[in-house]
Amino acid sequence: MKIDPTVQEMFGEMDFDPTALKAKYLAERDRRVRPDGSTQYQEVTAEFSHYVDDPYVEQPIERAPLFDTVEIAIIGGGFGGLLAGARLREAGFKDLRVIEKAADFGGTWYWNRYPGAMCDVESYCYLPLLEELGYMPKHKYSFAAEILEHSKRIARHFDLYDNACLQTSVTDMSWDEAEGYWTISTDRGDKMRARYVAMANGPLSRPKLPGIEGINEFKGHTFHTSRWDYNYTGGNSSGNLTGLKDKRVGIIGTGATGVQCIPHLGEWAQQLYVFQRTPSSIDERNNHETDPDWAASLEPGWQQERMDNFNVLVSGGHQDVDLINDGWTDIMRNVTGTVAKSASQKLGRRLTKIERAQLMELCDFRKMNQVRERAEELVADPTVAEALKPWYRQFCKRPCFHDEYLPTYNRDNVALIDSDGKGVERLTENGVVVNGVEYEVDCLVFATGFEVGTSYTKRAGYDITGRDGKTLSNHWAEGLRTHQGLQSHGFPNCFFMGFTQTAITVNVPHALNEQAKHIAYILSELRERNAKVVEATAEGEQAYVDEIRAKATVGARFYAECTPGYYNGEGTSGNRGGFFSDMYGDGSIRFFKVLEKWRAAGDLNGLALR
Ligand code: NDP
């Protein structure tokens, strides 16, 4: 790797060999890439379907099937559905129904209650509608129980429990062109009608299991982290897993979830084996309680201001102050376009494409060196510390922030079983085999993440049939097709929330809120204009798809060189098929402005009303 002299000067002193580091990254990547990519995983269907049973439901609901009609149905009661409900209520829509498969609101925070579960995005930005509800989170980073409680608070505040159908899974949805309604069928025999539907199914909602030989043979206890079995482990999401005191526990997966629950398993299990394929990047957390004086000093409008400040900073933009001042804003300041911008200012000219890419790569090496040094500082055994070092660029995988994770490996009862990038070899009746050695366990926890690479309709668990009998799976067979990420031609009155050709941000609820406001605007306009049906025109959809595809090259090379994971379609296809492949390439700041301008123009360009 030949470093450009200007880049060298901008970067300053270099205490590492970039050529050797790059070679190491590529070698680590190469030995992890598998030809089966995203299909390596075991879906939770058929004999594995019990992995998605709801262990948290307290009172199973009994009710007769519904055949009624509502104006707006919202599918999903997580943050997307809650925000849609809130913004629609604010816009004066009364006849709403939320349909949710879980027994309560909360979405991902309903399901993910594993010990240690928390949100690593600052709570004052992340928890929606804090000012509207007059609520202040207890900590800078909220724990799962508080986020779940806040979800219920939003649902109560906006009367979303009224008429809601909880413990109800949608199985099918079809458009009745003559009547101008959707018919929604569910697993409770419902056939309800809705004029409009907002689909807020969530992006990471379907757990997956590792594709390991013998996964059916293991006779001990197993569960996925998103369905934590507290009946077996004892305790709750704060820990206290007393049921594990005499148990040998194994956990597969060291992503953002594994990192949060491993410290609790280490504290309570008699013996814990952590089976690792690729280590995560673990930076400082520094959580603390909310300072009441600071909270009292906040002026109205503070939350939106803070969310905007965070979003600009994590998008590589400039703000005079960093209101958040945490690990996210630090890494974004140090490894993204911000670095290139300050170098340009110093130089008095724009950096060339090559200079910019090289400077950012060097900064990334420096940042990841710090992360690797942190493993050395906090883990006593040098061999274990070495195995915990991540060898890839910061955003190849989701960055993690945790203060107890690495020190957990200093416990006598905790063993890191590193698989040398190969993953678990197979399961036996009694345990887990890695590198030819069998580790006997009583309980095996799968922290193996969620389906990302499969089709939208498969993850949602139902297909939808639009005008002229066309299914969404068919319409999207060659890739997503939307207008502004929200609507598709041939699927009138249906709005997709989440990650369909939209802009992504670190603070996901921020993006969901923008989508919710946009839906509320469109439906308000329909009401104003006495229209009942709104649909993306074929031209509007095509123009938007063209724009998305043209911008989709952003990041493609970056992800092609990354170690496999769901960000890059498990390493098989660079950016294509990965989580970011169909996102709005110009970023969220630009995207939110595009939506705002479109609303201000008021001509609903790209949509047809009738
Ligand atoms: P991930 O998909 O990120 O991680 C799955 C883990 O399972 C990886 O470590 C993977 O290894 C490992 N794995 C899979 N198959 C095997 C195998 N055969 N042998 C050994 N290991 C295997 O899932 P998570 O649940 O951790 O996280 C999903 C997402 O949820 C995060 O990326 C994040 O967006 C979100 N999240 C957010 C949190 C927050 O604080 N806001 C907290 C927790 C999750 P490998 O890396 O090699 O593929």
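This text gives an overview of the structure that appears in the document. Keep in mind that this is a model prediction, so the values were computed, not measured. (Residues numbered from 1 in each chain as written. Predicted model: local features only at pLDDT ≥ 70, side-chain atom pairs only at ≥ 80, totals over all residues. Heavy atoms only, no water.)

Notes on the sheet that holds strand S16 (residues 437-440)
Move 1: Pairing in this open sheet of 3 strands is antiparallel, and the strands run S14-S15-S16 from one edge to the other. Each edge of the open sheet is held by one strand with a lone partner, namely strand S14 (426-427) and S16.
Move 2: Bridge analysis of strand S15 (residues 431-434) against S16 gives 4 bridges, and the strand direction is antiparallel. What sits directly across from valine 434, in S16, is valine 437. (Pairing = 2+ DSSP bridges. Helix = DSSP H or I, 4+ residues; strand = E, 2+ residues; numbered from the N terminus.)

Here we look at the state of the cysteines
Move 1: As enumerated under the stated definition, the model contains 1 disulfide in all.
Move 2: Between the sulfur atoms of cysteine 396 and its disulfide partner cysteine 562 the distance amounts to 2.0 Å. Looking down the S-S bond of the cysteine 396 and cysteine 562 bridge, the torsion is -75°, so its handedness is left-handed. In this pair, cysteine 396 is assigned in the loop between helix H15 (382-387) and strand S12 (400-401) and cysteine 562 in the loop between helix H20 (556-560) and helix H21 (587-601), connecting sequence segments 166 residues apart. Taken individually, cysteine 396 and cysteine 562 each receive the classification buried, so the pair is uniform in this respect. (Disulfide = S-S within 2.5 Å. Buried < 20%, exposed > 50% of the residue type's maximum accessible area, 1.4 Å probe, protein only.)

Observations regarding the side chain of aspartate 364
Move 1: Secondary-structure assignment places aspartate 364 in helix H14 (residues 353-378).
Move 2: On the basis of relative accessibility, which here comes to 2%, the residue aspartate 364 falls in the buried class.
Move 3: Those residues within four positions of aspartate 364 in sequence are excluded, and the remaining contacts are Val335, Arg393 and Gln394. (Contact = heavy atoms within 4.5 Å.)

Some thoughts on the environment of asparagine 334
Move 1: Note that asparagine 334 resides in helix H12 (residues 327-335).
Move 2: Considering only alpha carbons, one finds asparagine 334 and cysteine 400, 66 residues apart in sequence, at a separation of 16 Å.
Move 3: Discounting chain neighbours no more than four positions away, the residues touching asparagine 334 are Val339 and Cys363.

Section: the site of the ligand
Move 1: Around the ligand lies a shell of 25 residues, among which Thr257, Arg277, Thr278, Lys397 and Tyr566 are the nearest.
Move 2: Separating an oxygen atom of the ligand from a backbone N or O atom of alanine 256 is a distance of 3.1 Å.
Move 3: The fraction of the free accessible surface of the ligand (920 Å²) that becomes covered by protein chains is 89%.
Move 4: Considering each element in turn, the shell around the ligand owes the most residues, 3 residues, to helix H9 (residues 256-268). (Near = heavy atom within 4 Å. Polar contact = N/O pair within 3.5 Å; in protein donor to acceptor, adjacent residues only side chain to side chain. Areas by Shrake-Rupley, 256 points an atom, 1.4 Å probe, with all protein chains shown as cover.)

Structural notes on the sheet that holds strand S8 (residues 221-224)
Move 1: Across the sheet, 5 strands lie side by side as S8-S17-S9-S10-S13; this open sheet has parallel pairing. The two strands at the open ends of the sheet, each matched to only one other strand, are S8 and strand S13 (414-418). Along the sheet, successive strands turn relative to each other by an average axial angle of 20°, direction set aside.
Move 2: Pairing of strand S10 (residues 271-276) with S13 involves 5 bridges; the strand directions are parallel. Bridge assignment links valine 274 to a residue of S13, and that residue is leucine 416.
Move 3: Together, strand S9 (248-252), S10 and S13 form the strand contacts of H9, whose direction differs from that of S9 by roughly 170°. (Axes fitted to C-alpha atoms, helices over the stretch in contact; angles between N-to-C directions.)

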